[in-house]
Amino acid sequence: NAGVTQTPKFQVLKTGQSMTLQCAQDMNHNSMYWYRQDPGMGLRLIYYSASEGTTDKGEVPNGYNVSRLNKREFSLRLESAAPSQTSVYFCASSELIATDTQYFGPGTRLTVL
Amino acid sequence: KQEVTQIPAALSVPEGENLVLNCSFTDSAIYNLQWFRQDPGKGLTSLLLIQSSQREQTSGRLNASLDKSSGRSTLYIAASQPGDSATYLCAVSGNTPLVFGKGTRLSVIA
């Protein structure tokens, strides 16, 4: 039972390159989330998926797209990376949105040069 | 817009002390409040979840209280240990998923 897994753990991109961050959970949770964590800014919600087939914007969605591939997987795509997207990205999941404990993955540390 | 504030930003205490971490939020229309722990370079681990109808939750040496009407929560850690050193974050859920505070960085000195 791995919980929430994220790949890759580390990534360095050049400005303008694209990439997809992968997230999977094995807890049969309905809801999944993407956050970014920056020094002095705390954790901020990028996108979330309340259930399979739905996605919604969070606080900082600009420059990102998401796909809820199935109930287990929720990916985050950067189409044209910018230095401002240098951050640590966390995926999380919960049984139900807003009412249940969220379980977090180990994070992806992304640097955009 | 919900805002969550945690005071102090950093705290250093000798081993064995009891301590209190504070969290305040601006919109009292919440579903629940959660406390998390984050070790350096790691993800977040949930410590306690208090539903909006509850006043407190306990787990081992940790006790979290919630006063929804005043927009405040406290995390009480009894008999602190060096292994408690970490950043502690509180987060509230309401009309949107979790809104986080910036955390309190705790150092427990042996």
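All values derive from a computational prediction rather than experimental measurement. (Residues numbered from 1 in each chain as written. Chains lettered and ligands numbered in written order. Predicted model: local features only at pLDDT ≥ 70, side-chain atom pairs only at ≥ 80, totals over all residues. Heavy atoms only, no water.)

A. Highlighting the sheet that holds strand 1 (residues 4-7) of chain A. Residues and elements named next belong to chain A. Spatially, the four strands line up as an open sheet ordered 1-3-8-7, and their pairing is antiparallel. The sheet terminates laterally at strand 1 and strand 7 (64-68), the two strands that pair on one side only. On average, adjacent strands in this sheet sit at an angle of 20 degrees to one another, irrespective of strand direction. Summarising the sheet, strand 7 and strand 8 (residues 74-78) pair through five bridges and their orientation is antiparallel. When the sheet's bridge partners are listed, V66 is paired in strand 8 with L76. (Pairing = 2+ DSSP bridges. Helix = DSSP H or I, 4+ residues; strand = E, 2+ residues; numbered from the N terminus. Axes fitted to C-alpha atoms, helices over the stretch in contact; angles between N-to-C directions.)

B. Expanded view of the pattern of salt bridges. Scanning the entire structure with this criterion turns up six salt bridges over all chains. Among the salt bridges present, the one from R77(A) reaches E79(A), with a minimum N-O distance of 3.1 Å. Residue classification places R77(A) among the partly exposed positions, given a relative accessible area of 29%. The salt bridge partner of D84(B) is R61(B), with a shortest N-O separation of 2.8 Å. On the criterion of sequence distance, the pair formed by D84(B) in the loop between strand 8 (72-77) and strand 9 (86-93) and R61(B) in the loop between strand 6 (56-59) and strand 7 (62-67) is long-range, its members being 23 residues apart. (Salt bridge = Lys/Arg side-chain N within 4 Å of Asp/Glu carboxyl O. Buried < 20%, exposed > 50% of the residue type's maximum accessible area, 1.4 Å probe, protein only.)

C. Focus on unusual backbone geometry. The step from T7(A) to P8(A) runs through a cis peptide bond, and the omega angle for that step is -5 degrees. Examined against the element boundaries, P8(A) turns out to sit in the loop between strand 1 and strand 2 (10-13). Here I7(B) and P8(B) are connected by a cis peptide whose omega angle stands at 0 degrees. Counting through the fold element by element, P8(B) comes out in the loop between strand 1 (4-7) and strand 2 (10-14). Residue N28(A) is not a glycine yet carries a positive backbone phi of 60 degrees. Examined against the element boundaries, N28(A) turns out to sit in the loop between strand 3 (19-25) and strand 4 (31-38).

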